[in-house]
Amino acid sequence: MAEEALSRMRGLVDRLNETAYAYYVLGEPVISDKQWDELYDELLALEKETGTVLDDSPSRRVGGTILKGFEPHTHITRLWSMDKVQSIEALDEWITRSEKLAGQTDLQYYVEYKFDGLTLNLTYNEGRLIQAATRGNGVTGEAILPQAMTIRTVPLTIPYKGLLEVQGECIMRLSTLEKYNQTAREPLKNARNAAAGALRNLDPAITAQRKLDAFFYQVGTIENPPYASQPGMLQFLKDNGFQVSPYLGTPHSRREL
């Protein structure tokens, strides 16, 4: 009986995660909300019956025990931040520095959206999300795994089995902010502060209520990466269930910038 229950739970978790990915990442619902809720309720009943919760169960996303404080987390690979430029001359100087560091002048450049939220650094090992942290000073951030697990576009498990660090941006969509403020006792002022405040809230249940989102754009740590370009890296992220920006500008040489 126990084996049958665990087998059913595995099937329910796979189906729920598959449909959640279609809904939250692809924007293409494949079942109704009522059907999803029925499957989810069945899963919750089986988890209570067996006393088992699978690593990638969607029930882990609702938020748990309130934390007493944030623990420091040292990133495997340092997180860098990009400089801003306000003129063509400053951009040209940056390109010159990039070419000097790379030791070549035929570099290609890509243009991507910049999301305005809070940097999120995820660590996976053996295909399982084992840690999440804020950027902090680039070397050490704050461990926020329970909060990050409430974000529907953060995969709890992935196909890639090696040690992996992935960076992205945690945001709150403007439509979500507007809907949240319609019933909130204390309306939130702006989406960026709403996302940052929720991700750094000691109560993961509060984080879950904000219905945050995340887009991923960078692999910080990986052994023998199966790609050799920015488009290849983004495809690797997509293949592993991460939400990436829908826009990637055509590569340009320095002459075309």
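K.L.:
Quick rundown of the overall build of the chain? Include the residues and the values.
P.N.:
Assigned secondary structure in the chain consists of eight helices and six strands. Starting at the N terminus and walking to the C terminus, you meet the elements of the chain as α-α-β-α-β-β-β-α-β-α-α-α-β-α. The C-alpha atoms of the chain give 20 Å as radius of gyration, which agrees with the globular expectation for 257 residues (18 Å, within 12%). Overall, the C-alpha framework of the chain stretches about 65 × 45 × 35 Å when taken along its three principal axes.

K.L.:
Can you tell me about the pairing of strand β2 (residues 118–125), naming the residues and giving the values?
P.N.:
Most of β2 is tucked away, with seven of its eight residues classed as buried. In terms of strand pairing, β2 meets strand β5 (residues 164–171) through seven bridges, oriented antiparallel. For T123, the partnering residue across the bridge sits in β5 and is E165. As paired strands, β2 and strand β3 (residues 128–134) are joined by six bridges and run antiparallel to one another.

K.L.:
Would you mind going over the pattern of salt bridges in detail, with residue names and values included?
P.N.:
Once the charged atoms of two side chains with opposite charge are near each other, the side chains can pair. Taken as a whole and judged by the stated rule, the model has nine salt bridges. Between D213 and R173 there is a salt bridge, and its shortest N-O distance comes to 2.6 Å. With D213 in strand β6 (residues 213–221) and R173 in the loop between β5 and α5 (174–183), the pair connects residues that are 40 residues apart, well separated along the chain. What makes R173 partly exposed here is its relative accessible area of 36%. Linked through salt bridges whose partners overlap, the residues forming this network are R10, D14 and D56.

K.L.:
Lay out the environment of Q209 with the relevant residues and their values.
P.N.:
Relative to the helices and strands, Q209 resides in helix α7 (residues 204–209). Look at Q209 and you get partly exposed, because its relative accessible area is 46%. Sequence separation between Q209 and N224 is 15 residues; the distance between their C-alpha atoms is 38 Å.

K.L.:
Help me get a handle on the layout of surface pockets, residues and values and all.
P.N.:
Estimates place the volume of the largest pocket at around 2100 Å³. Taken together, 43 residues form the lining of the largest pocket, with M82, W94, E112, Q218 and Q230 sitting closest to its centre. Elements that contribute at least two residues to the lining of the largest pocket include exactly α3 (88–102), β2, β5 and β6. Estimates place the volume of the second largest pocket at around 580 Å³. Forming the boundary of the second largest pocket are 20 residues, of which Y24, T176, R210, K211 and L212 lie nearest the centre. Within the residue set of the lining of the second largest pocket, elements represented by two or more residues are α1 (2–24), α5 and α7. Grouping the constituent residues of the lining of the second largest pocket by class yields seven nonpolar, six polar and seven charged.

K.L.:
Can you lay out α3 for me, pointing to particular residues and giving the numbers?
P.N.:
For an α-helix the count is 3.6 residues per turn, leaving residues at separations of three or four pointing the same way. Taking 1.5 Å of rise per residue, the 15 residues of α3 would be expected to cover 21 Å, and the 21 Å separating its terminal C-alpha atoms lies within 8% of that figure. Among the residues of α3, those classed as buried are I95, S98 and E99. Each buried residue of α3 sits inside an arc of 95° when the element is viewed along its axis, so together they form one side. For α3, the exposed residues set more than 90 degrees away from the buried face come down to E89, K100 and L101. Following α3 by one or two positions, G103 adopts a phi angle in the positive range, close to 70°.

What counts and what doesn't
- Residues numbered from 1 in each chain as written.
- Predicted model: local features only at pLDDT ≥ 70, side-chain atom pairs only at ≥ 80, totals over all residues.
- Heavy atoms only, no water.
- Helix = DSSP H or I, 4+ residues; strand = E, 2+ residues; numbered from the N terminus.
- Rg over C-alpha atoms; globule rule 2.2 N^0.38 Å.
- Buried < 20%, exposed > 50% of the residue type's maximum accessible area, 1.4 Å probe, protein only.
- Pairing = 2+ DSSP bridges.
- Salt bridge = Lys/Arg side-chain N within 4 Å of Asp/Glu carboxyl O.
- 1 Å grid on protein atoms, 1.4 Å probe; cavity = no way out; pocket = protein on both sides within 12 Å on 5 of 7 lines; lining within 4 Å.
- Points joined across faces, edges and corners; volume = space filled by probe spheres on them.
- Nonpolar A, V, L, I, M, F, W, Y, C, P; charged D, E, K, R; others polar.
- Expected span 1.5 Å × (residues − 1).
- Arc of directions from axis to C-beta.

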